[in-house]
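# Working through the structure, step by step
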Amino acid sequence: MTQKTAKRSGFSPAAVLETALYVDDLVAARQFYTEVLGLEIVTEAEGRHVFFRVGDGMLLLFDPVTTVAPPDPPPALQVPPHGATGPGHMCFSVTAEGLQQGRKALEAAGIKIESEVEWPNGALSIYFRDPAGNSLEFAEPRLWFSES
């Protein structure tokens, strides 16, 4: 369904509040996201999840094996089981200067940059992987939003 043919309900969410990725080694992921990417941990449950603040949003990392079951004991948080299989993707919004700082942080940590893209509108992005194989990207916001 394209935007031109989509029926509009009159409702539209304001922003993405959280994004979830699934990792098979929470300890390695925790180290990568804190030490390499510099993210702040908000909460964690050993063997289940680590949640990070990213600007005005949240990145939720879950162990896919434990996330398919609700947390113990009921009636704990009533979040339905959820999850995904295989690597996911997320893109971090960074300034042009931030992109270069991110590149240096990745190189210093021995993280391979898989691809560098200059998009048709001039925005730059770089792609790399976390320890679980998730595809991550640093990109300038002008990739999707005009600078104003």
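Predicted model, so just to flag it, every value in this text is computed and none were measured. (Residues numbered from 1 in each chain as written. Predicted model: local features only at pLDDT ≥ 70, side-chain atom pairs only at ≥ 80, totals over all residues. Heavy atoms only, no water.)

Turning to the pattern of salt bridges, a few remarks are in order. Here the structure, examined in full by the defined rule, presents 5 salt bridges. Ionic pairing is found between Arg 103 and Glu 116, a salt bridge with its closest N-O pair at 3.0 Å. With Arg 103 in helix α3 (residues 96–108) and Glu 116 in strand β6 (residues 113–118), this pair connects stretches of sequence that are 13 residues apart. The exposure class of Arg 103 is buried, given its relative accessible area of 14%. Of the residues examined, Glu 116 reaches a relative accessible area of 53% and is grouped as exposed. Here Arg 142 and Glu 140 are joined by a salt bridge, their closest N and O atoms 3.3 Å apart. A residue is classified by how much of its surface remains accessible, and Arg 142, at 26% relative accessible area, is partly exposed. The class of Glu 140 is buried, set by a relative accessible area of 7%. (Salt bridge = Lys/Arg side-chain N within 4 Å of Asp/Glu carboxyl O. Helix = DSSP H or I, 4+ residues; strand = E, 2+ residues; numbered from the N terminus. Buried < 20%, exposed > 50% of the residue type's maximum accessible area, 1.4 Å probe, protein only.)

Using a probe with the size of a water molecule, rolled over the atoms, empty space left in the structure can be pinpointed. Each pocket or cavity is described by its volume, and for the largest pocket that value is around 850 Å³. Taken together, 30 residues line the largest pocket, and the ones lying closest to its centre are Val 54, Met 90, Cys 91, Phe 92 and Ser 93. If you list the elements that add at least two residues to the lining of the largest pocket, you get β1 (18–22), β4 (57–62), β5 (89–93), α3 and β8 (135–139). Its residues assigned to classes, the lining of the largest pocket comprises 20 nonpolar, 7 polar and 3 charged. (1 Å grid on protein atoms, 1.4 Å probe; cavity = no way out; pocket = protein on both sides within 12 Å on 5 of 7 lines; lining within 4 Å. Points joined across faces, edges and corners; volume = space filled by probe spheres on them. Nonpolar A, V, L, I, M, F, W, Y, C, P; charged D, E, K, R; others polar.)

Quick look at the pairing of strand β3 (residues 49–54) now. Alignment of strand β2 (residues 40–45) against β3, held across 5 bridges, turns out to be antiparallel. Bridging from a neighbouring strand, Ile 41 pairs with Phe 52 of β3. Between β2 and β3, which pair antiparallel and follow one another directly, the connecting turn spans 3 residues, one of which, Gly 47, has a positive phi of 80°. Pairing analysis gives 6 bridges linking β3 to β4, with the strands arranged antiparallel. Looking at β4, one finds that Val 50 is bridged to Leu 61. Between β3 and β4, which pair antiparallel one after the other, the connecting turn spans 2 residues, and Gly 55 there sits at a positive phi close to 60°. (Pairing = 2+ DSSP bridges.)

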